[in-house]
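What the coordinates show
Chain residues, written in single-letter form:
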Amino acid sequence: MKAAALAAILLLPAAAGASPLSLDEAVALAVRNSPATLAAEQDIIIARQRVREARFMQLPQLTLSGTASRVNLEYPVVLGSELGERFLDPAISDTFYTLRAQALQPLYTGGRNTNTIKMARAAHNQAKVSYEAVKAQAALDAKKAFYSLLYQRRLLERAGAWSARAAAISAAVRKDAYEELEASVLLSGLTDRARQAASAEGAASVELQRVISREPGQNLEISGELAPQPVPADPAPSLATAMESRPELKSELYRAQMDDIAVNMALVRRYPTVYLGASYDVNAYGVSDLADDSMRSKNWVASLAIHFPISYDVWTQVQQRRAQQRQGDLERIELQDKVRFEILSAHKDARFWADEAARLAAETARLGAAYEAAAASGRPTMAALRAFCALCEMEKRAMDAVYAQLAARARLEWARGADLPR
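On a predicted model such as this, the values are computed, not experimentally measured, just so you know.

1. Points about the overall build of the chain
Scanning the chain for helices and strands turns up nine helices and six strands. Its C-alpha atoms give the chain a radius of gyration of 38 Å, clearly above 22 Å, the size a compact globule of 422 residues would have. When the backbone C-alpha atoms are referred to their principal axes, the chain occupies close to 125 × 65 × 40 Å. The burial tally for the chain puts 35% of its 422 residues in the buried class.

Spelled out as structure tokens, the structure:
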């Protein structure tokens, strides 16, 4: 009993993992495991940290430094910025120590810091909508691969049934030499179709496994029916949804904000910058003397600085940024037209193939019923075999129409930026 219970526990995950994969699960796996999606998530993290860095620019810049110097001077010198920018007099002893604390607070930057924060926030929002665009592309790839595998497996199933029944009909037909040759050709065509369907089914299975990042070669079971999905008769709602939901259009809006901010940042180069700074130094000729108030010397400085920029390229930079802003406006108009075309084209294809699939399915059912009635009335003939092969071709055309409708519907969902109700 214990062994049986242990075996049941060990087999439970495998049984759960063997459950058929639905379309929604395939899309979720593709989005979650896509390298492009994971990279886009990191872009969001990077943009978020840049927003924080931009906010730090408004805080005081604090510096704490310590130096130990050994000198032998015959005339005064000034240390470089890395060593504290100190003036050294020849009267200084050969060794001394210094501690310094500095603070620099920007009081007015002409709007540079504020615009930098706005630019970082717009870039953060753009990174988020870029992530949505990558997710939408991953979902589209998953839908196309899922529908392809669903179609190929249905075709493989039907091709095997067609080949078997055609062989049975051919065996029951009395044929002369030419009819025997014709029957062999018809059966060979159905057999070739079955082999091609098996090869295409394997390729479609590998493609779906690649899209969902699953190890290839495993038996992948999917659940779903190869049947047309509803599409609204009017494309206007899809156009309205795309203007609000399509990630590329949202990204262009944030790009417009960034272009406007870039123009402002070029303009503020004309404005002065005001800084408030403070510095406090402690100097001594021994390390222990730094803690003795009687043995150390102290300096403190508070300064207010105003920098007036004098630049020759202010207006050239402004003109460049305004030209880039205009380019962005034109590209945004072009993208809107492209989105409209994609929606109208996908909507037209989906509606056409939905009607075509319904027509072919009804015609196949009607002619199939007529064939079964004729087959039940007498002995099979070569005409019956030829008619059956023609019916097989019509049934395949019906399945092709369904697959084309599903693919067009998936493109329409991607183009509008939101899924359609099923």
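Okay, back to it.
2. A closer look at helix α7 (residues 247–267)
Because each turn of an α-helix spans 3.6 residues, side chains separated by three or four positions in sequence point in the same direction. With 21 residues, α7 extends 31 Å from end C-alpha to end C-alpha; this agrees with the ideal 30 Å at 1.5 Å per step. The elements touched by buried residues of α7 are α4 (112–172), α6 (236–245) and α8 (314–375).

3. Details of the pattern of salt bridges
Per the counting criterion, the structure on display carries 26 salt bridges. Residue Glu 393 pairs with Arg 193 through a salt bridge whose shortest N-O separation is 2.9 Å. Here the residue Glu 393 occupies a position in helix α9 (residues 382–416), and Arg 193 occupies one in helix α5 (residues 177–211), the gap between them amounting to 200 residues. Several salt bridges share partner residues, and in doing so they unite Glu 252, Arg 255, Asp 259, Asp 329, Glu 331 and Arg 332 into one network.

4. Section: a positive patch on the surface
On the surface, Arg 48, Arg 52, Arg 55, Arg 121 and Lys 128 cluster together to form a positively charged patch. Residue assignment for the positive patch shows that the elements contributing at least two residues are α3 (35–56) and α4. Per element, the largest residue contribution to the positive patch is three residues, and it comes from α3. With relative accessibility at 33%, the residue Arg 48 sits in the partly exposed group.

5. Describing the packing of α6 against α8
Taken N-terminus to C-terminus, the directions of α6 and α8 make an angle of 140°; their axes are 10 Å apart at the nearest point. Classified by the angle their axes make, α6 and α8 are oblique. As for the relative orientation of α6 and α8, their crossing is right-handed in sense. Along its contact with α6, which presents Ser 238, Leu 239, Ala 242 and Met 243, the element α8 presents Gln 336, Val 339, Arg 340, Ile 343 and Leu 344. Among the residues forming the contact of α6 with α8, the class breakdown is six nonpolar, two polar and one charged.

6. Re the pairing of strand β1 (residues 61–70)
Where burial is concerned, little of β1 is hidden: one out of the 10 residues are buried. As judged from the 10 bridges shared by β1 and strand β4 (residues 95–108), these two strands associate in the antiparallel manner. Note that in β4 the partner of Gly 66 across the bridge is Leu 99.

7. Here's the deal with the side chain of Ser 163
Within the fold, Ser 163 resides in helix α4. Beyond its immediate sequence surroundings of up to four residues, Ser 163 is in contact with Leu 190 and Thr 191.

8. Topic: the nonpolar core
Formed by 50 residues in total, the largest nonpolar core has its most connected members in Phe 146, Trp 162, Leu 208 and Ile 222. Looking at this core, the elements with two or more residues in it are α2 (23–33), α4, α5, α8 and α9. For this core, the element with the most residues is α4, which contributes 15 residues. Once residues within four sequence positions are removed from consideration, Phe 146 is found in contact with Leu 21, Ser 22, Leu 23, Ala 26, Leu 208, Ile 222 and Ser 223. Judged by nonpolar contacts, the second largest core, of 12 residues, contains Leu 249, Ile 343, Ala 346 and Ala 415.

9. Digging into a nonpolar patch on the surface
Nonpolar side chains collect at one region of the surface, where Leu 107, Tyr 108, Tyr 271, Leu 276 and Leu 304 lie side by side and expose about 480 Å² of accessible area between them. Here Tyr 108 is to be found in strand β4.

10. Quick look at the sheet that holds strand β6 (residues 297–307)
If you trace the four strands from one edge of the open sheet to the other, you get β1-β4-β5-β6, paired in antiparallel fashion. Only two strands of the sheet have a single neighbouring strand rather than two, namely β1 and β6. Recorded for the sheet is a direction-independent mean angle of 15° between the axes of neighbouring strands. Bridge analysis of strand β5 (residues 273–284) against β6 gives 11 bridges, and the strand direction is antiparallel. When the sheet's bridge partners are listed, Ser 279 is paired in β6 with Val 301.

11. Focus: the side chain of Thr 364
Its location among the elements puts Thr 364 in helix α8. A relative accessible area of 15% places Thr 364 in the buried class. Those residues in contact with Thr 364 that lie beyond four places of it in its chain are Met 394, Glu 395 and Ala 398.

What counts and what doesn't
Residues numbered from 1 in each chain as written. Predicted model: local features only at pLDDT ≥ 70, side-chain atom pairs only at ≥ 80, totals over all residues. Heavy atoms only, no water. Helix = DSSP H or I, 4+ residues; strand = E, 2+ residues; numbered from the N terminus. Rg over C-alpha atoms; globule rule 2.2 N^0.38 Å. Buried < 20%, exposed > 50% of the residue type's maximum accessible area, 1.4 Å probe, protein only. Expected span 1.5 Å × (residues − 1). Contact = heavy atoms within 4.5 Å. Salt bridge = Lys/Arg side-chain N within 4 Å of Asp/Glu carboxyl O. Patch = residues over 30% accessible without salt bridge, like charges linked within 9 Å, V, L, I, M, F, W, Y side chains within 5 Å. Areas by Shrake-Rupley, 256 points an atom, 1.4 Å probe, with all protein chains shown as cover. Lys, Arg positive; Asp, Glu negative; His and termini not counted. Charge placed at Lys NZ, Arg CZ, Asp CG, Glu CD. Axes fitted to C-alpha atoms, helices over the stretch in contact; angles between N-to-C directions. Parallel < 35°, antiparallel > 145°, perpendicular 65-115°, else oblique. Left-handed = near helix turned anticlockwise from the far one by under 90°. Nonpolar A, V, L, I, M, F, W, Y, C, P; charged D, E, K, R; others polar. Pairing = 2+ DSSP bridges. Core = buried A, V, L, I, M, F, W, Y, C linked by side-chain atoms within 4.5 Å.

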